[in-house]
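Summary of structural features
Given next are the chains, with one letter for each unit.
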There are 2 protein chains.
Amino acid sequence: MNNPFHTCHNSRIAGCDFAIYPMTDHFVDVITTALKEVDTSKVWVKTTDIGTCVRGKITHVFDVTKALFLHATQTGYHVVFSGTYSIGCPGDSDGDVFLAEDDRRLNEAESNKIKQEVAGKFSLYPLGGGDYMNLIYDQIEAMKKQNIRVSSIHYATRLDGDGKDVFNGLEQVFVNMEHSGSSHTVMTTTISANSPSKKDVNSDD
Amino acid sequence: MNNPFHTCHNSRIAGCDFAIYPMTDHFVDVITTALKEVDTSKVWVKTTDIGTCVRGKITHVFDVTKALFLHATQTGYHVVFSGTYSIGCPGDSDGDVFLAEDDRRLNEAESNKIKQEVAGKFSLYPLGGGDYMNLIYDQIEAMKKQNIRVSSIHYATRLDGDGKDVFNGLEQVFVNMEHSGSSHTVMTTTISANSPSKKDVNSDD
């Protein structure tokens, strides 16, 4: 299954500004190895000293970010993905993007092989409209239909489950927002794997 | 100088959901040491396996988050602060907060002793209104009046300078947003210190 998501508004430039934080002295190796294992040829990529930005179609932006994090988790080190997915910013430029690509996801098959428990959270920010809280609540409900444990925390919604399912849930929410007609959507997420800390899930709903 | 910021709307509950990522095998020590060195008694604090949430008056939320990061940088390890500051969320609860405190900042004197070059970025999300882009542009201009190098990157605004100045700039922007009448403001930031990567500043404006 190359693309499990139903997209129709896939011609807008999506992007993710993210970083992967490996809590180890070998943090450089963890990141460079993950970058080697993931095919980023369908997204525009720029890495600086404060993070990496990928831009392209929604499907490829999620395919690449999911794959990079899942590969990094397989080192066994405590690693955290922190990212901001964005689409439709009126201040965005048209450049720095590959939109001519087809929808075949280059890393889906490899990502599907990785089973990794993660703990994460996400927040959704639909900009520019007054009805944004209902859009957020709808997507929290949508997330509960995924194969993920969803609970409430301050300023975010907590997600626990398999890493693939968490990223797939985030992608589905982001695609749903495009269907909702939201002109400018921002979604932030933090996803942690191999933490030595005990899980702290506040609620079981 | 205990509180360099002019606040008038300081009765609303502000909060920051953040984590500090030390890229070292000793990551637990770095975080527990910073927590011991910082006085968090004027904010409500909760730490879980996916991060820490502090809630209270704006001034104390910034005092504590700034101090925690600056202390962590002094270990010399590559450390990154990633946080979401928030105020006025209609879905927020009234609980889990200390608002009865005075405005004296408990960690300002110690933070002022720390000189640390950092590289960071921030994004501002004023929710619920159509004129949000102008609010954002105004605050990017306001940031340029701080003692910080400010440049444009995709999805965020890059900040380079001394750690204190960067946090003070972020606090001033957050306070400015309260003065602007924004009902619900979210500000995300990532701030990095001691990175082995070469600085990558795109522009010098």
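Per an unreviewed UniProt entry, chain A carries the name HMP/thiamine-binding protein YkoF and comes from Virgibacillus dokdonensis.

Before going further, it helps to examine the relation of the copies chain B and chain A. At an RMSD of 0.0 Å, chain B and chain A line up after a rotation of 180° and a shift of 0.0 Å along the axis. The transformation just described matches what one would write down for a two-fold rotation axis. Here 100% of the interface residues in chain B have copies in chain A that are interface residues too; the copies meet face to matching face.

The next thing to look at is the environment of Glu108(B). Looking at where Glu108(B) falls in the secondary structure, it is placed in helix α3 (residues 108-112). According to the relative accessible area criterion, Glu108(B) is buried, its value standing at 3%.

Counting from both sides, the interface comprises 59 residues of chain B and, opposite them, 59 residues of chain A. A combined buried area of about 4400 Å² lies between chain B and chain A, and 61% of that area is made up of carbon and sulfur atoms. By the criterion of area lost to chain A, the three top residues of chain B are Asp49(B), Ile50(B) and Tyr155(B), representing 20% of everything that side buries. One can count four salt bridges joining chain B with chain A. Applying the counting criterion to the chain B and chain A interface returns 20 residue pairs in polar contact (both at pLDDT 80 or more).

Looking now at the UniProt feature "domain: Thiamin/hydroxymethyl pyrimidine-binding YkoF putative" (unreviewed entry) in chain A. Residue and element names in this part refer to chain A. According to UniProt, the feature "domain: Thiamin/hydroxymethyl pyrimidine-binding YkoF putative" (unreviewed entry) maps to residues 13-92 and 119-198 in the numbering used here. As a span, residues 13-92 carries 34% helix and 36% strand, and end to end its C-alpha atoms are 9 Å apart. The span residues 119-198 is 39% helix and 39% strand, and its two end C-alpha atoms sit 11 Å from each other.

All right, on to the sheet that holds strand β2 (residues 44-48) of chain B then. All names here are of chain B. Here eight strands make up an open sheet; going across it, the order is β2-β3-β1-β4-β8-β5-β7-β6 and the pairing antiparallel. Of all the strands in the sheet, just β2 and β6 (149-153) have a single pairing partner and so form its edges. Ignoring which end each strand starts from, the neighbouring axes of this sheet average 20° apart. Note that β6 and strand β7 (residues 156-162) share five bridges and pair antiparallel. Bridged to Ser151 within β7 is Arg158. Across the sheet, helix α4 (residues 132-144) is in contact with β5 (117-127), β6 and β7; its angle to β5 comes to roughly 155°.

Residue and element names in this part refer to chain B. Judged by how many residues are buried, strand β8 (residues 184-193) sits mostly within the fold: 10 of 10 residues are covered. Of the pairings in the sheet, the one linking strand β4 (residues 79-87) to β8 comprises nine bridges and is antiparallel in character. Residue pairing across strands places Ser82 opposite Thr190, the latter belonging to β8. Sheet topology places β5 next to β8; nine bridges connect them, and they run antiparallel. Residue pairing for β8: Tyr125 is matched across the bridge by Val186.

Right, let's talk about the pairing of β4(B) for a bit. Look at any regular strand and the pattern is simple: side chains alternate between the two faces of the sheet. All names here are of chain B. Among the nine residues in β4, nine count as buried, and that is most of the element. Judged by which residues are buried, β4 turns out to be covered on both faces: Val79, Phe81, Gly83, Tyr85 and Ile87 on one side and Val80, Ser82, Thr84 and Ser86 on the other are all buried. Pairing between strand β1 (residues 14-22) and β4: nine bridges, direction antiparallel. The residue bridging Cys16 from the neighbouring strand is Tyr85, located in β4.

We now examine empty space enclosed by the protein. Overall, the coordinates contain one cavity of 30 Å³ or more when judged by the stated rule. Here the largest cavity is characterised by a volume of approximately 370 Å³. In terms of lining residues, the largest cavity is bounded by 33 residues, among which Ser82(A), Thr84(A), Ser82(B), Thr84(B) and Thr188(B) are the most central. For the lining of the largest cavity, the elements supplying multiple residues, two or more each, are β1 (14-22), β4 (79-87), β5 (117-127) and β8 (184-193) of chain A together with β1, β4, β5 and β8 of chain B. Of the residues that constitute the lining of the largest cavity, the class distribution is 15 nonpolar, 14 polar and four charged.

We now examine the sheet that holds strand β6 (residues 149-153) of chain A. All names here are of chain A. If you trace the eight strands from one edge of the open sheet to the other, you get β2-β3-β1-β4-β8-β5-β7-β6, paired in antiparallel fashion. The sheet terminates laterally at β2 (44-48) and β6, the two strands that pair on one side only. Each neighbouring strand pair of the sheet contributes to a mean axis angle of 20°, computed without reference to strand direction. Against the sheet, helix α4 (residues 132-144) makes contact with β5, β6 and β7 (156-162), and its axis sits at roughly 155° relative to β5, the strand it touches most.

Right, let's get into the UniProt feature "binding site: thiamine" (unreviewed entry) in chain A. Residues and elements named next belong to chain A. Under the UniProt annotation, "binding site: thiamine" (unreviewed entry) lies at Ile20 and Thr52. Separation in sequence by 33 residues is not matched in space for these annotated residues, since their most distant C-alpha atoms are only 8.9 Å apart. Topologically, Ile20 is positioned in strand β1. Owing to a relative accessible area of 13%, Ile20 belongs among the buried residues under this scheme. If near-sequence neighbours (up to four positions away) are discounted, Ile20 is found in contact with Ile31, Leu68, Phe69, Ala72, Val80 and Phe81. With respect to the element layout, Thr52 can be found in strand β3 (residues 51-56). The contact partners of Thr52, leaving out residues within four places of it in the chain, are Cys16, Asp17, Phe18, Val45, Lys46 and Thr47.

Thresholds, definitions, all that
- Residues numbered from 1 in each chain as written.
- Chains lettered and ligands numbered in written order.
- Predicted model: local features only at pLDDT ≥ 70, side-chain atom pairs only at ≥ 80, totals over all residues.
- Heavy atoms only, no water.
- Least-squares fit on C-alpha atoms with pLDDT ≥ 70 in both.
- Contact = heavy atoms within 4.5 Å.
- Helix = DSSP H or I, 4+ residues; strand = E, 2+ residues; numbered from the N terminus.
- Buried < 20%, exposed > 50% of the residue type's maximum accessible area, 1.4 Å probe, protein only.
- Buried area = accessible area lost by both parts, 1.4 Å probe.
- Salt bridge = Lys/Arg side-chain N within 4 Å of Asp/Glu carboxyl O.
- Polar contact = N/O pair within 3.5 Å; in protein donor to acceptor, adjacent residues only side chain to side chain.
- UniProt positions renumbered as here; feature names shortened; annotations may be inferred.
- Pairing = 2+ DSSP bridges.
- Axes fitted to C-alpha atoms, helices over the stretch in contact; angles between N-to-C directions.
- 1 Å grid on protein atoms, 1.4 Å probe; cavity = no way out; pocket = protein on both sides within 12 Å on 5 of 7 lines; lining within 4 Å.
- Points joined across faces, edges and corners; volume = space filled by probe spheres on them.
- Nonpolar A, V, L, I, M, F, W, Y, C, P; charged D, E, K, R; others polar.

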